[in-house]
Structures are given as C-alpha cells and as structure tokens.
Amino acid sequence: MSQTLYEKLWLDHVVHQEADGTALIYIDRHLVHEVTSPQAFEGLKLAGRKPWRVSSIVATADHNTPTDHWDRGIEDPVSRLQVDTLDANVHEVGALAYFPFKDPRQGIVHVVGPEIGATLPGMSVVCGDSHTSTHGAFACLAQGIGTSEVEHVLATQCLLQKKSKTMLLRVNGKLAKGVAAKDLALAIIGRIGTAGGTGYAMEFAGSAIRGLSMEGRMTLCNMAIEAGARLGLVAVDEVTIDYLRGRPFAPSDAQWEQAVAAWRGLRSDADARFDGVVEMRAEDIRPQVTWGTSPEMVVAVDACVPDPANEQDPVRREGWERALRYMGLRPNVPIREIRLDKIFIGSCTNSRIEDLRAAAAVANGRKVAESIKLALVVPGSGLVKQQAESEGLDRIFRAAGFEWRQPGCSMCLAMNADRLDAGERCASTSNRNFEGRQGGGGRTHLVSPEMAAAAAIAGHFCDVSEWL
Amino acid sequence: MDKFIRLEGLVAPLDRANVDTDAIIPKQFLKSIKRSGFGPNLFDEWRYLDVGEPGRDNSQRPLNDQFVLNQPRFMGAQILLTRQNFGCGSSREHAPWALLDFGFRALIGESFADIFYNNCFKNGILPIVLPAADIDGLFALVEANPGCRLLVDLEQQLVVRPDGQVLPFSVDSFRRECLLNGWDDIGLSLRHADLIRAFEEKRRVEKPWLFA
Ligand code: SF4
C-alpha cells in the first residue's frame with residue numbers, strides 16, 4: 001500500500017502499540033538545552049532512574065546566554081544557575097556532544113544539530129522545544145516535547161504518542177526575487193491559521209520546495225509549529241544529501257553509501273493519500289509582514305493594516321482589535337508607513353549562513369537609518385559566525401551600522417539582556433510576535449532577513465524586491 | 001501525579017482565542033530550575049500592571065482589576081473556560097505547572113495546541129475539548145451566574161452544568177486511564193523495556209549510522 005513520508009517514518013519507529021493506538025516511539029536523537037531540561041534530569045534522579053542511551057544526546061546552552069561581553073560571563077545569576085545546571089547534568093550523565101557556553105560550536109540547538117550532521121534523515125528527533133519541527137527538513141520525525149517527556153525520553157528512549165493525521169502543503173512554481181522561505185512560511189500560516197495544522201504532520205512538497213536550499217527548508221519546517229502542526233517534513237533529495245556529505249557526525253565511507261541508499265526512500269509515494277491537501281502557487285507570494293500578535297495576522301508588504309470592522313466573526317474581531325491596541329497601530333495604515341525602533345536578525349528561524357548572506361546583500365554599502373536605535377545580527381551558532389566572518393559578512397554589517405553579536409537565541413525570546421522596551425517596535429526574523437515575546441510591551445513584526453535588513457536601512461518597512 | 005476522577009469547581013472565563021504559552025507564563029520565569037512556584041506569575045502580564053521579575057514579592061505589585069482572575073467572584077476557580085487554540089506557542093511545561101500551581105485542574109476550550117495538550121495530562125490537568133456551541137453556552141452561563149460551578153466527570157466523560165444539561169466529551173482511553181489512576185507513564189513504558197532493547201538492537205544492526 002502506498003504511504004506518506006510521515007507514515008513511513010512512524011512505522012519505522014514503533015516499538016509497541018496499545019489497543020487504543022497509543023504507541024511507544026523509539027527516539028534516535030535527543031537535543032537538550034538549559035531551559036526545559038533541569039526538572040527532567042532532577043526527576044530522573046529522584047526516581048532513581050538512569051538515562052537509557054546517552055549517545056543519543058546532543059546538548060548546548062542557547063536561550064540564556066549573552067550575545068556580547070562574553071569575558072564577563074553570564075551576569076544574571078538566575079540565568080547562570082540554569083546554564084550551570086545544564087553543565088552539571090551533562091557532565092554527570094554524559095552525551096554524544098556538548099557545546100557549553102563559549103564553546104566555538106555553541107549555538108541555537110536547532111542550528112547546531114543539522115550543521116554538525118547530528119540530525120540525519122529517517123531519525124526521530126526530540127527536544128524540549130517547540131521549534132524542533134525544524135529538523136523535519138531532513139525527513140526526520142522531529143517534534144518538540146514538554147519537560148515530562150524529556151524525562152520520559154531520558155529514561156526509556158521512547159515517547160508515548162498517537163499517530164498524527166497528515167497534511168500536504170503543495171507549493172509549485174518559483175518564488176519571485178526578494179521572496180524568501182520565511183515569506184512562504186508566513187503566507188502559509190496566513191492562509192490556514194495558527195491552528196490550521198493542529199493534529200497534523202505537515203509535509204511540504206512541490207517544485208517551490210524542491211527549489212529551496214536546506215536552510216530555506218529548515219525555515220519552513222521551523223514555522224510549521226506556528227501553523228499548529230507538531231511536525232513539518234520535506235522529502236529527501238539531492239539537496240539533502242549534498243548538505244550532509246562530510247558533516248562531522250554524518251556517516252562516512254561504506255556507511256555513507258548504505259545510509260544514502262536508505263535515505264532515498266524517504267519520500268511520500270506518488271499515490272499516497274493525505275488527510276488534508278492545501279495548494280499554493282509560489283508566484284502569488286509577496287514579501288510578508290505581520291501586523292498583530294499572532295503569526296497568522298500577516299499581510300503582504302504592499303497591503304495595509306486590516307480593519308477589524310471588516311471581520312464578521314466576533315471572537316476574531318475582538319482579537320484583531322486587541323492586537324491593534326497592543327501593537328499601537330490604526331486600521332488601514334499602509335504597512336510601508338510603519339516605522340521601526342529596533343531590528344533583530346537571528347533566531348532558529350533565520351540565523352543560518354544563507355539568511356545572513358541575504359541580509360548582508362541588502363545591507364552592503366548602505367547605512368542603517370538614524371532613527372533605528374539598535375540593529376542586531378545574531379548568528380545561529382559559533383560555526384555560522386565563523387563562516388560569516390570568513391566571507392566578510394560581519395564587516396558589511398558593521399559598516400552599515402549593525403551590531404555583530406555572539407550566537408544564541410537572543411532577542412527571539414529575550415531571556416538574556418537583548419530585548420525590546422515597552423512600546424518599542426521591531427522588525428524581527430524570529431517566529432513569534434506574541435505579546436511581550438521580545439520584552440514586556442514590545443511590538444514585534446515578523447519578516448524575512450532581507451526584509452529586516454531593508455527596514456533597518458529605510459527606518460520603515462519597504463518592499464525589498466524593489467531593491468534587488 | 002495526582003489522580004483526576006471527578007471535580008466539582010468554580011469556573012473562570014478567559015474569553016480569548018489563541019492564548020499562547022508566553023502569555024500563560026512569560027519567559028523570565030522559565031529561568032527557574034524547579035517545577036513549582038509558578039502560580040503567582042500565571043498570566044503575569046495580564047494580571048499585574050507592572051513588569052514581573054523572578055524573585056519579586058508579587059503581593060506588593062499593582063493588580064489589573066480588569067483581568068478576570070483578579071475579580072473576587074472568580075477567586076478559587078479550578079476550571080478555566082477558554083476558546084480556540086489555547087496553549088499555542090512554546091513547549092514550556094512551565095505553562096501547565098503555573099496553571100496547576102494557581103489551582104486549575106481542568107480546562108475547557110474549543111481546541112488546544114498539541115504540545116500543551118499533552119503536557120497537561122502529564123501533570124494531572126484535564127483539558128476538555130467541546131464544540132463551539134457548547135463553549136458559547138458555557139460563556140453565557142458563567143456570565144449570567146456569578147459563582148457558577150461545573151461538575152467534570154472523567155470516568156463518564158461528561159461536563160454537567162448546574163441546570164442539569166450534560167455535555168459529553170472524549171479523551172484517549174490511554175490518557176484517561178493514566179489520569180484516573182494517577183499513573184507515572186515512565187513506569188508504564190519501562191514495563192516494555194525488553195521490547196525497547198530488542199528494537200534498539202535490531203536498529204543498530206540495520207542502520208548503524210544512527211548510533212555512531
Ligand atoms: S531561537 Fe527562539 S524559537 Fe528558536 S529555540 Fe531559541 S528561543 Fe526558541
């Protein structure tokens with residue numbers, strides 16, 4: 001019988017299934033960071049249990065780590081305790097790889113896993129972090145879990161769950177110049193809503209997806225969770241295989257050949273049936289900007305802030321009104337007239353080398369507008385930072401007036417010192433524009449890296465495709 | 001984990017869709033390495049008029065009187081009534097920990113985000129999904145009847161309104177068993193340790209690159 005990619009991956013990981021369909025799913029890779037793991041390690045210890053397979057663990061500190069003045073260490077004592085706790089736990093338990101604070105390979109866990117080749121096609125990948133969906137770009141069964149589940153995986157190497165429904169997001173055609181994977185992700189969320197994918201494993205397919213680099217596919221799968229899907233998926237093709245070749249934790253020699261042969265089967269069969277299908281045309285997608293406090297509150301850059309008066313559904317209308325109040329925006333204002341205070345280029349959505357190249361291409365030879373208080377570029381990992389510096393991207397950013405920082409989550413969720421003050425407005429390449437996400441009272445507009453760079457230069461939103 | 005069988009409790013209405021986990025418990029409180037103590041900071045940015053920081057004495061902070069949980073008639077609520085997509089956003093289990101610490105044992109909504117929904121069961125909180133019409137009815141009921149209480153019966157999978165109207169709901173049988181018995185699911189899974197070991201050994205032979 002023909003199968004979807006998700007069904008193949010699911011079947012390949014079922015250890016045992018209860019009568020009601022609840023299954024024990026074997027976990028190949030367990031990514032760990034400091035925020036969601038301390039209570040899990042503690043629970044394990046309190047119950048007198050041992051971790052099942054520590055060679056599945058890849059750990060790094062990312063959420064709390066500062067992005068400048070590394071010589072001063074972590075100044076916030078509460079953050080420091082959390083990072084130290086990770087340190088102590090990993091040292092006690094062990095791991096395949098651990099990149100602590102200041103390690104040259106430290107970075108955002110979802111950037112680090114793929115770049116070292118620790119995320120491989122066909123794996124089941126978990127992390128106590130919702131954006132684990134990122135790794136689905138490699139045809140992995142990759143999902144975010146809570147802390148109790150982190151403990152469950154540590155103790156049993158398995159996750160208890162039921163099979164999801166499947167949704168196919170087919171995007172054919174070619175993205176226009178200046179339109180990035182991020183715009184595609186936002187346009188999809190705008191179309192199906194933030195709960196549109198709830199209960200589904202979402203596979204992205206079609207010629208537009210095949211035309212994306214691995215970085216672009218990761219951006220897309222990263223945002224699948226914002227569409228409500230627990231996991232996003234892209235089939236394996238030559239792009240996947242080329243990306244992995246030679247990565248430190250990827251197989252080599254005879255094992256590489258054996259692995260590649262297995263990976264080539266990781267695609268949905270031609271006549272596989274999905275529970276839901278959504279079709280979009282790449283040509284229809286314009287650069288996107290969110291205007292509200294949910295990623296589904298999004299429009300094209302040439303549009304205006306919508307008017308709640310035009311919304312029929314009362315719960316939605318009230319949501320829009322509340323969002324506009326919070327965002328300090330009036331209905332019907334052109335998006336291009338929205339002026340910004342801060343710019344953030346970073347996060348597990350858009351901090352990979354290709355994102356930085358795209359932003360640097362826009363910034364090259366230009367200057368950040370006087371009115372911008374702070375424009376931050378935060379590479380996703382130490383290795384991305386090294387690569388960018390070897391290409392001279394840091395010099396381009398600095399010359400334009402951006403700050404070039406150390407890797408980490410930074411202003412994506414503002415657990416460290418990088419944050420918005422109340423009322424400040426930010427063009428951000430991150431994934432969530434929720435109230436207070438980037439700092440209490442802060443106002444976030446989600447955009448692609450090239451759109452963020454253009455907004456930094458202009459001081460307001462503008463259509464970057466006109467610049468290229 | 002505490003058992004959940006039946007609960008008769010006061011209902012607090014939170015009439016918003018897409019309540020995200022950043023709103024349920026803002027990030028500054030995620031720096032804690034403990035599982036408890038999050039209750040005073042539940043919905044922090046909506047409950048208080050100033051910005052909360054870990055370690056502050058919350059009893060001294062200015063309250064937002066407009067926010068539903070600050071209204072005297074909802075003090076001691078154990079059931080939270082909400083709309084669609086509650087708990088969207090981050091996987092932080094601090095969100096259910098905060099709800100539990102505040103006193104909520106059951107949530108009733110039109111839909112819940114996947115990871116959050118799962119996290120609730122791991123902590124003895126019952127998230128109940130009801131059709132939109134039932135939810136509308138409950139909001140109207142709570143609005144019209146101060147002190148409105150509901151009976152939640154997990155064994156029968158029913159919500160019973162004070163006017164006797166019965167609203168059926170359904171939960172996976174495995175999750176239901178775990179909640180009814182207060183089972184620790186790690187213990188349950190480890191009963192299959194031999195199966196896990198056998199699966200792992202076979203995998204190691206067939207796909208050795210996964211174990212490098
Ligand atoms: S970059 Fe943002 S979304 Fe990604 S893991 Fe860090 S905090 Fe989470």
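Just so you know, these numbers come straight off a predicted model, no measurement behind them. (Residues numbered from 1 in each chain as written. Chains lettered and ligands numbered in written order. Predicted model: local features only at pLDDT ≥ 70, side-chain atom pairs only at ≥ 80, totals over all residues. Heavy atoms only, no water.)

With respect to the overall build of chain A
Okay, so step 1: When helices and strands are tallied, chain A shows 15 helices and 19 strands.
Okay, so step 2: Against the compact-globule benchmark of 23 Å for 468 residues, chain A has a radius of gyration of 21 Å, which places it among compact chains.
Okay, so step 3: Seen along its three principal axes, the alpha-carbon backbone of chain A occupies a region of about 55 × 55 × 45 Å.
Okay, so step 4: Among the 468 residues that make up chain A, the fraction classed as buried is 68%.
Okay, so step 5: For chain A, long-range pairs separated by at least 24 residues make up 76% of all intrachain contacts whose partners lie at least 6 apart in sequence.
Okay, so step 6: Total accessible area computed for chain A in this model is approximately 15200 Å², and 48% of it derives from carbon and sulfur atoms.
Okay, so step 7: When the 50 positive and 58 negative side-chain charges of chain A are each reduced to one mean point, those points stand 2 Å apart. (Helix = DSSP H or I, 4+ residues; strand = E, 2+ residues; numbered from the N terminus. Rg over C-alpha atoms; globule rule 2.2 N^0.38 Å. Buried < 20%, exposed > 50% of the residue type's maximum accessible area, 1.4 Å probe, protein only. Contact = heavy atoms within 4.5 Å. Areas by Shrake-Rupley, 256 points an atom, 1.4 Å probe, with all protein chains shown as cover. Lys, Arg positive; Asp, Glu negative; His and termini not counted. Charge placed at Lys NZ, Arg CZ, Asp CG, Glu CD.)

What to know about the state of the cysteines
Residue and element names in this part refer to chain B.
Okay, so step 1: Enumeration according to the criterion identifies zero disulfides over all chains in this entry.
Okay, so step 2: Considering cysteine sulfurs only, C120 is the nearest to C178, which forms no disulfide, with 15 Å between them.
Okay, so step 3: Judged by relative accessible area, which is 9%, C178 ranks as buried. (Disulfide = S-S within 2.5 Å.)

A few points about the pairing of strand β1 (residues 6–13) of chain B
The side chains of a regular strand alternate between both faces of the sheet.
All names here are of chain B.
Okay, so step 1: Across the eight residues that make up β1, a large majority, six, are buried.
Okay, so step 2: Here five bridges tie β1 to strand β5 (residues 149–153), and the two strands are oriented antiparallel to one another. Within β5, the position partnered with L7 by the bridge is V152. (Pairing = 2+ DSSP bridges.)

Things to note about the UniProt feature "binding site: [4Fe-4S] cluster" (unreviewed entry) in chain A
Residue and element names in this part refer to chain A.
Okay, so step 1: Here, the residues flagged by UniProt with the feature "binding site: [4Fe-4S] cluster" (unreviewed entry) are C348, C409 and C412. With the annotated positions falling across 65 residues, the maximum pairwise C-alpha distance of 8.6 Å places them together in a single cluster.
Okay, so step 2: Relative to the assigned elements, C348 resides in the loop between β15 (342–345) and α12 (353–363).
Okay, so step 3: A residue is classified by how much of its surface remains accessible, and C348, at 7% relative accessible area, is buried. (UniProt positions renumbered as here; feature names shortened; annotations may be inferred.)

As for the packing of aromatic side chains
Okay, so step 1: A complete count under the given rule lists 18 aromatic pairs over all chains for this structure.
Okay, so step 2: Ring centres of F86 of chain B and F116 of chain B lie 5.4 Å apart, and the angle between their planes is 70 degrees; on these two criteria the pair is classed as edge-to-face. With F86 of chain B in the loop between β2 (79–81) and α3 (94–102) and F116 of chain B in helix α4 (residues 114–121), the pair connects residues that are 30 residues apart, well separated along the chain. For the pair shown, F86 of chain B and F116 of chain B are each scored as buried.
Okay, so step 3: Counting every residue linked through ring pairs, the aromatic cluster contains F86, F112, F116, Y117 and F121 of chain B.
Okay, so step 4: We note R247 of chain A situated over the ring of Y243 of chain A; from NZ or CZ to the ring centre the distance is 3.8 Å.
Okay, so step 5: The aromatic ring of W46 of chain B is capped on one face by R16 of chain B, whose charged end is 3.8 Å from the ring centroid. (Phe/Tyr/Trp six-rings, centres within 6.5 Å; stacked < 30°, edge-to-face > 60°. Lys NZ or Arg CZ within 6 Å of the ring centre and 35° of its normal.)

What to know about the site of the ligand
Okay, so step 1: The ligand sits among H63, I108, H110, D129, H131, S347, C348, C409, C412, L413, N431 and R437 of chain A.
Okay, so step 2: Classifying every residue of the shell around the ligand gives five nonpolar, five polar and two charged. (Near = heavy atom within 4 Å. Nonpolar A, V, L, I, M, F, W, Y, C, P; charged D, E, K, R; others polar.)

Let's talk about the pairing of strand β3 (residues 29–32) of chain A
All names here are of chain A.
Okay, so step 1: Where burial is concerned, the two faces of β3 agree: the one with R29 and L31 and the one with H30 and V32 are both buried.
Okay, so step 2: The pairing of β3 with strand β6 (residues 124–127) spans three bridges and is classified as parallel. Paired with L31 across the bridge in β6 is C127.
Okay, so step 3: Alignment of β3 against strand β4 (residues 57–60), held across three bridges, turns out to be parallel.

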